[in-house]
Amino acid sequence: MTDSKMIQHILNSTIQSLTTVIPIQFDVLPPSLITQPYEQKELSVLIALLGDVRGRLIIDTNESTISQVGEAMFGMTIEGEMIESFTGELGNMVAGNLCTLLEKDELTLDISPPTVLTGETKFYGFQQAFKLPLSFNNAPPSYVLLTIDEA
């Protein structure tokens, strides 16, 4: 598989993982290639991807979206310190599901524990990054970044 086909496959699998894990309706807009630095405004979770592909999966979101997702999953309001904790767990679920999907196509990936970042943050140190915009009802947009270090 060429690098571009592998990246497209990982992006498609990421979308499939998101729709499997997140139990509320959202739209995925076309991806774009971005350059560094990437600036986060409020809340994100970063998970390293290790194995046949090396990079990072970053879910850049906001408290409003996390609260909607958490309420849909658990039937209760997610607030306060639970926001950060649930953000990390959501990233873990999406990345873990992504690994399972890719393993079916004989791509082996492992993931790091989630790192949750709050406030304004800049990300540097990636060769390529693909940004998937996500549109949730009544919430500011969220983004999934897939950085590729080695494919």
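Being a predicted model, the structure only gives us computed values, none of them experimental. (Residues numbered from 1 in each chain as written. Predicted model: local features only at pLDDT ≥ 70, side-chain atom pairs only at ≥ 80, totals over all residues. Heavy atoms only, no water.)

### A word on helix α1 (residues 3-21)
Consideration 1: For α1, spanning 19 residues, the distance from its first C-alpha to its last is 26 Å, which sits close to the expected 27 Å at 1.5 Å a residue.
Consideration 2: All buried positions along α1 are accounted for by Met 6, Ile 7, Ile 10, Leu 11, Ser 13, Thr 14, Ser 17, Leu 18 and Val 21. Taken down its axis, α1 places every buried residue within 170 degrees of arc, on the same side. In α1, the exposed residues that point more than 90 degrees away from the buried face are Ser 4, Lys 5 and Thr 20. (Helix = DSSP H or I, 4+ residues; strand = E, 2+ residues; numbered from the N terminus. Expected span 1.5 Å × (residues − 1). Buried < 20%, exposed > 50% of the residue type's maximum accessible area, 1.4 Å probe, protein only. Arc of directions from axis to C-beta.)

### Description of the UniProt feature "domain: Chemotaxis phosphatase CheX-like" (unreviewed entry) in the protein chain
Consideration 1: What UniProt calls "domain: Chemotaxis phosphatase CheX-like" (unreviewed entry) maps, in this numbering, to residues 44-120.
Consideration 2: When the span residues 44-120 is considered, its composition is 45% helix and 30% strand, and the gap between its end C-alpha atoms is 10 Å. (UniProt positions renumbered as here; feature names shortened; annotations may be inferred.)

### Looking at a nonpolar patch on the surface
Consideration 1: Residues Phe 74, Met 76 and Met 82 make up a contiguous nonpolar surface patch of roughly 290 Å² in combined accessible area.
Consideration 2: By the element assignment, Met 82 lies in helix α3 (residues 81-103). (Patch = residues over 30% accessible without salt bridge, like charges linked within 9 Å, V, L, I, M, F, W, Y side chains within 5 Å. Areas by Shrake-Rupley, 256 points an atom, 1.4 Å probe, with all protein chains shown as cover. Salt bridge = Lys/Arg side-chain N within 4 Å of Asp/Glu carboxyl O.)

### Let's talk about the pairing of strand β5 (residues 54-61)
Consideration 1: The element β5 is extensively covered by neighbouring structure, given that seven of its eight residues are classed as buried.
Consideration 2: What sits between the antiparallel neighbours strand β4 (residues 43-51) and β5 is a turn of two residues. (Pairing = 2+ DSSP bridges.)

### Comments concerning the packing of helix α2 (residues 63-74) against α3
How two helices sit against one another is set out by the angle between their axes and by the gap between those axes.
Consideration 1: For the pair α2 and α3, the least separation of the axes is 10 Å and the interaxial angle reads 70 degrees. Between α2 and α3, the angle is such that the two are roughly perpendicular. Across from Glu 63, Ile 66, Ser 67, Val 69, Gly 70, Met 73 and Phe 74 in α2, the residues of α3 making contact are Ile 83, Phe 86, Thr 87, Leu 90 and Met 93.
Consideration 2: Taken together, the residues of the contact of α2 with α3 break down into eight nonpolar, three polar and one charged. (Axes fitted to C-alpha atoms, helices over the stretch in contact; angles between N-to-C directions. Parallel < 35°, antiparallel > 145°, perpendicular 65-115°, else oblique. Contact = heavy atoms within 4.5 Å. Nonpolar A, V, L, I, M, F, W, Y, C, P; charged D, E, K, R; others polar.)

### Quick word on the nonpolar core
Considering soluble globular proteins, one finds that nonpolar side chains tend to be buried as a cluster.
Consideration 1: Core analysis: the biggest nonpolar cluster contains 37 residues, and Leu 18, Ile 22, Val 69, Leu 90, Phe 136 and Val 144 have the highest contact counts within it.
Consideration 2: Elements supplying a minimum of two residues to this core: α1, β4, β5, α2, α3, β9 (128-136) and β10 (142-150).
Consideration 3: Among the elements that take part in this core, α3 stands out by supplying eight residues, more than any other.
Consideration 4: Aside from chain neighbours lying at most four places away, what touches Val 144 is Thr 14, Leu 18, Leu 57, Ile 58, Ile 59, Phe 130, Lys 131, Leu 132 and Leu 134.
Consideration 5: Residues Ile 34, Phe 123, Phe 126 and Ala 129 belong to the second largest nonpolar core, which totals eight residues. (Core = buried A, V, L, I, M, F, W, Y, C linked by side-chain atoms within 4.5 Å.)

### Structural notes on the packing of aromatic side chains
Consideration 1: Counting across every chain of the model gives three aromatic pairs.
Consideration 2: Each ring, one from Tyr 38 and one from Phe 123, has its centre 6.2 Å from the other, and the planes form 25 degrees; the classification is stacked. Of the two residues, Tyr 38 is situated in strand β3 (residues 38-40) and Phe 123 in strand β8 (residues 121-123); the sequence distance between them amounts to 85 residues. In terms of burial, Tyr 38 and Phe 123 fall into one category: buried.
Consideration 3: Over the face of the ring belonging to Tyr 143 we find Lys 131, whose NZ or CZ atom lies 4.3 Å from the ring centre. (Phe/Tyr/Trp six-rings, centres within 6.5 Å; stacked < 30°, edge-to-face > 60°. Lys NZ or Arg CZ within 6 Å of the ring centre and 35° of its normal.)

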